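In case you want the letters, here they are:
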Amino acid sequence: MLAFRSLAFYLGYVGATVVWGGFWTVFGVFLPFRTRFRVIINWWSRFVLFWLRSTCNIRYVIDGMDNIPDRACVVLARHESTWETLFLQSLFVPQATVIKASLLHIPFFGWPFRLLRPIAINRDRPRDALRIIAEVGQKRLDEDIWVVLFPEGTRCDVGEVGKFGPGGSYLCRASGSPCLVIAHNAGRYWPPHQFLKRPGEIRVKIAAPFETKGKTAKEINRLAYDRMRELYSSLEPSA
């Protein structure tokens, strides 16, 4: 039954991506940016989360919605699944996600994603990546566009909090933006690189944002890491 449900999910997921991505690759350029973001990625993400719940019975509950500030800031989120990439796109509108530049070459996904002004970096050139994150991220924040990063850099195993890269703290230091940390346990239900999805309720915790002005990048990174561990430990006792 899990295999059947997972197959049904992927059929809808891939089908929606091809149809939606193909259509908006052609027509999305004619829309204003904020409208473009909503109809291209926000609506698509919401559909995929709905389809996931319908086929695989994976739900989610959020603790800390009242901690989200009124104005866009830097968001550092836990990375252990594909689920959070969809969830965050549905929660922060509009946003600029820091992503690997290679993702923009994926057919039907990367093509329309280019229109959403993400912050694309090459991980093989870390100095250039930090510069791009700081310069482009500052511009996005000035436009009241959320900047979302996965500080662990890659999907981590359930129960572990990976080392934080410097990109998010570097941007906070350069911009003076508050830092919003988000943890979740989606990997228990949508494991990375696995076909089968497991029914259950994903728990999401959003910490109160902390001010970064006057702090060094290392101090910001440590505060964010400690906050992530604290949040995650309440979701995964083994962390």
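Residues numbered from 1 in each chain as written. Predicted model: local features only at pLDDT ≥ 70, side-chain atom pairs only at ≥ 80, totals over all residues. Heavy atoms only, no water.

### Concerning the packing of aromatic side chains
The relation between two aromatic rings is expressed through the spacing of the ring centres and the mutual angle of the planes.
Stage number 1. Applying the stated rule across the entire model yields 20 aromatic pairs.
Stage number 2. Relative to Tyr-13, the ring of Phe-9 lies with its centre 5.2 Å away and its plane at 25 degrees, an arrangement referred to as stacked. Residue Phe-9 and its partner Tyr-13 are located together in helix 1 (residues 2–27), separated by four residues, close to a single helical turn. Of the two residues, Phe-9 and Tyr-13, neither departs from the other in class, the shared state being buried.
Stage number 3. Arranged with centres 5.4 Å apart and planes meeting at 90 degrees, the rings of Phe-164 and Tyr-225 form a pair that is edge-to-face. Here Phe-164 is found in the loop between strand 5 (146–149) and helix 6 (167–175), whereas its partner Tyr-225 is found in helix 7 (residues 217–235), with 61 residues between them in sequence. The same class applies to Phe-164 and to Tyr-225, which are both buried.
Stage number 4. Through a chain of ring-to-ring contacts, the aromatic side chains of Phe-9, Tyr-10, Tyr-13, Trp-44, Phe-109, Phe-113, Trp-190 and Phe-195 assemble into a single cluster.
Stage number 5. When the ring centre of Tyr-232 is taken as reference, the NZ or CZ atom of Arg-78 above it lies at 4.3 Å.
Stage number 6. The positively charged end of Arg-117 is found above the aromatic ring belonging to Phe-33, 4.7 Å away from the centroid. (Phe/Tyr/Trp six-rings, centres within 6.5 Å; stacked < 30°, edge-to-face > 60°. Helix = DSSP H or I, 4+ residues; strand = E, 2+ residues; numbered from the N terminus. Buried < 20%, exposed > 50% of the residue type's maximum accessible area, 1.4 Å probe, protein only. Lys NZ or Arg CZ within 6 Å of the ring centre and 35° of its normal.)

### Comments concerning unusual backbone geometry
Stage number 1. In this structure, Pro-94 follows Val-93 across a cis peptide bond, with omega equal to -10 degrees.
Stage number 2. Phi at Arg-117 is positive, roughly 60 degrees, even though this residue is not glycine.
Stage number 3. Here Arg-117 shows up in the loop between helix 4 (110–113) and strand 4 (119–121).
Stage number 4. Even without glycine at this site, His-193 takes up a positive phi of about 60 degrees.

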